[in-house]
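So the chains spell out like this:
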Amino acid sequence: MKRALALSFVLITAAACNRADAPPSRFGFGRAATPAEIQTLDIDVGPDGVGLPAGQGTAVAGAPVYAAKCATCHGSAGEGTPIAAALVGRIPNDSFNYATSTGGDRRKTVGSWWPHATTLYDYIRRAMPFDKPGTLTPDEIYAVTAFLLAKNEIVKDDFVIDATSLPAVKMPSRDRFVADDREKSNRVR
Amino acid sequence: MARRDEQKRPASPASVTDPSAVLEPLLSRRSVVVGAALAVGASVMQGMAAPVPQARPTPPIVPDGPVPDPTTVLGRLPNELGVRSQFEKAKRRPSNTSSQSPLDDLYGAITPSELHFERHHGGVAVVDPATYTLLIHGLVERPMIFTLDDLKRFPSASRICFLECAGNMARGAKEETRAQQVCGLTSQSEWTGVMLSTLFKEVGVRPDASWFLAEGQDAAVMSRSIPLEKAFDDAMIVYAQNGEAIRPEQGYPARLLLPGWEGNTNVKWLRRLELSTRPFMTREETSKYTEAIKGDKARQFSFVIDARSIITSPTYPGRVEKGWIEIRGIAWSGRGKIRRAELSFDEGKSWVAATLQAPVLSKAHTRFRHLYEWDGTEVTVMSRAVDETGYVQPTVRELVDARGPGSGPYHLNPITGWRFRPDGSVTFRTEKWA
């Protein structure tokens, strides 16, 4: 009897230790997200166009939207102001010699620096206009995107930007971006 | 004790934020204090029968004129929320987009939460913790939503590490520049939360996932793509900072913490994580937070903060006197622990190791100090950090040679220094960049 008690004590202790030493792979906290809940928040647009909504716009349609909602900060022609970045401008021959040349206009615009056209839609929807983010309709965002691409001489004024055409737009700087390699060495890079 | 010249006095009682000053405009601040003290004294004499008047929590009493002998005046009684001494003036230095920590006013390794640097892209979001949720979806077995209480139920972890804005260098700074202005977009806290790996195990990461999007709920709906490996290395979702809930400007009620990586990736007011096969190419990882390098290229996904250091004392606008001076500063590296902090008194020809304050933690501001006997002649003191990987903090020249004169403005970590002048003034060691 004593031995049986002692043995069961050992077994109980061992079981308790097991529970303490091996936390579960899942705790069961939180709850399942419904498809509707995911859809509400899932606003990102990828470089492959995944996430782009229905709708369309041209530079012609985008000009009045830009003038009304963007020009105050970014300038009437996207030239930038002291409070907001320049959006329009190309470097001669798209040379991209930002690091080695310190002369001339080296502003990082949509036309000279942005590698993916899809980023325009994604970012405008997230954060613009600065004082009223999230207020533009998909057609307005497509149109302003088309306007900026046309001003940078990447597409024509009547080119229709939509979920299919936007990811196919090749930006002048598309092949300029390389992965960070600093940690491959302990020398300055 | 003489009143300090810079000390601000309220112009009128109504200008003080204490509501009592508005409610009792006829009483001077001094008489309010004396009245409260007398009332308390009376209640003590009555054996605490009378209710003790509520001690006023804020602001500290700013005396009119000289501070009286504190042994002759009953002090403030215990209250609910402490404030720093009325004589302490350390402040952040704000611009429209950021505010810098007053590195030259700080001691030790922890930045007081109220002086932690700020950088945000759509102002400080106000998020209700009662309705806060974090959604994790995409390439996972079980898309899930976690409340703040859910996050706090998971096993917790605390870690001391620095945060730093990738654009934390004032290139071409003038002699009259404070350490705060040179590189004050870095601060250090003890962060508490749940390891991101714990949450990712809870939802079950699919084998084809390799990146995840971290998204905030500020006006910029800040978003960055993060390699999945970081989640299983040391990433955390944190809800506490220095023992209390994290500050609104640090992402209340929960943010991503990626130790050693540029501040922008530590997404604040975090609302969503989406796992994917590829990065999302958001604005902050394409048009911003990318650096031109030689070869007509731009460096992208440059996450890690390279080793650097700065002397914080003595610095401009402080002064020095002949004799012993303890030179103090901080060194840090996003790659790991600081191995050495070194000082040069001869424009970098030779270096002497400073003393490191224990504990030396990985990816953490590390205090260094060095006793120096100054003979009163002009001398320039420079500091450099060496981390456990052997990376040595570079000079401006080495950075420009490696990347080109037009690189930047991100991940610039040059050696800096300060000049002690015979008149006792201290100025920033200026340097030409291009």
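None of these values were measured; they are calculated from a predicted model.

Peer 1: Any chance you could break down the interface of chain B and chain A for me, citing the residues and the numbers?
Peer 2: Of the residues lining the interface, 57 residues belong to chain B; the matching set on chain A comes to 47 residues. Of all the secondary structure elements, the ones that give two or more residues to the side of chain B that touches chain A are strand 4 (133-138), strand 5 (144-147), helix 3 (148-153), helix 5 (196-203), strand 13 (270-276), strand 14 (291-293), strand 15 (297-300) and helix 7 (396-403) of chain B. Split by residue class, the side of chain B that touches chain A holds 25 nonpolar, 14 polar and 18 charged. Examined bridge by bridge, strand 4 (residues 177-179) of chain A and strand 15 of chain B share 3 bridges and lie parallel to one another. Following the sheet pairing, Val178 of chain A is matched in strand 15 of chain B by Arg299 of chain B.

Peer 1: Quick one: what's the story with the pairing of strand 23 (residues 416-420) of chain B, residue by residue and with numbers?
Peer 2: Residues and elements named next belong to chain B. With 4 of its 5 residues buried, strand 23 lies for the most part within the structure. The sheet contact formed by strand 22 (residues 379-387) and strand 23 spans 5 bridges and is antiparallel. The partner of Thr380 across the bridge, within strand 23, is Arg419. Here strand 23 hands over to strand 24 (residues 426-428) after 5 residues, with Gly424 in that stretch at a positive phi of 90°.

Peer 1: How would you summarise the environment of Gly251 of chain B if you had to cite specific residues and measurements?
Peer 2: Considering the arrangement of structural elements, one finds Gly251 of chain B in the loop between strand 11 (244-245) and strand 12 (255-257). Measuring from C-alpha to C-alpha, the distance between Gly251 of chain B and Val238 of chain B comes to 9.3 Å, with 13 residues separating the pair along the chain.

Peer 1: Any chance you could break down the packing of helix 3 (residues 59-69) of chain A against helix 6 (residues 138-151) of chain A for me, citing the residues and the numbers?
Peer 2: All names here are of chain A. Two numbers describe how helix 3 lies on helix 6: the axes approach to 7 Å, and their chain directions differ by 100°. When the axes of helix 3 and helix 6 are compared, the pair comes out roughly perpendicular. Contacts between helix 3 and helix 6 involve Ala59, Ala61, Gly62, Ala63, Val65 and Tyr66 on the former and, on the latter, Glu140, Ala143, Val144, Ala146, Phe147 and Ala150.

Peer 1: Explain the sheet that holds strand 5 of chain B to me, using residue names and the numbers behind them.
Peer 2: Within a sheet, adjacent strands bond to each other through the backbone by hydrogen bonds, running parallel or antiparallel. One open sheet holds the 6 strands; their spatial order is 1(A)-5(B)-4(B)-13(B)-8(B)-9(B), and the pairing between them is mixed. With one partner strand each, in any of the chains shown, strand 1 (31-32) of chain A together with strand 9 (223-227) of chain B form the two edges of the open sheet. Sheet topology note: the strand 4 of chain B/strand 13 of chain B ladder contains 4 bridges and is parallel. If you follow Ile136 of chain B over to strand 13 of chain B, its bridge partner there is Leu273 of chain B.

How each quantity is defined
Residues numbered from 1 in each chain as written. Chains lettered and ligands numbered in written order. Predicted model: local features only at pLDDT ≥ 70, side-chain atom pairs only at ≥ 80, totals over all residues. Contact = placed C-beta atoms within 7 Å. Helix = DSSP H or I, 4+ residues; strand = E, 2+ residues; numbered from the N terminus. Nonpolar A, V, L, I, M, F, W, Y, C, P; charged D, E, K, R; others polar. Pairing = 2+ DSSP bridges. Buried ≥ 20, exposed ≤ 12 C-beta atoms within 10 Å, placed from the backbone. Axes fitted to C-alpha atoms, helices over the stretch in contact; angles between N-to-C directions. Parallel < 35°, antiparallel > 145°, perpendicular 65-115°, else oblique.

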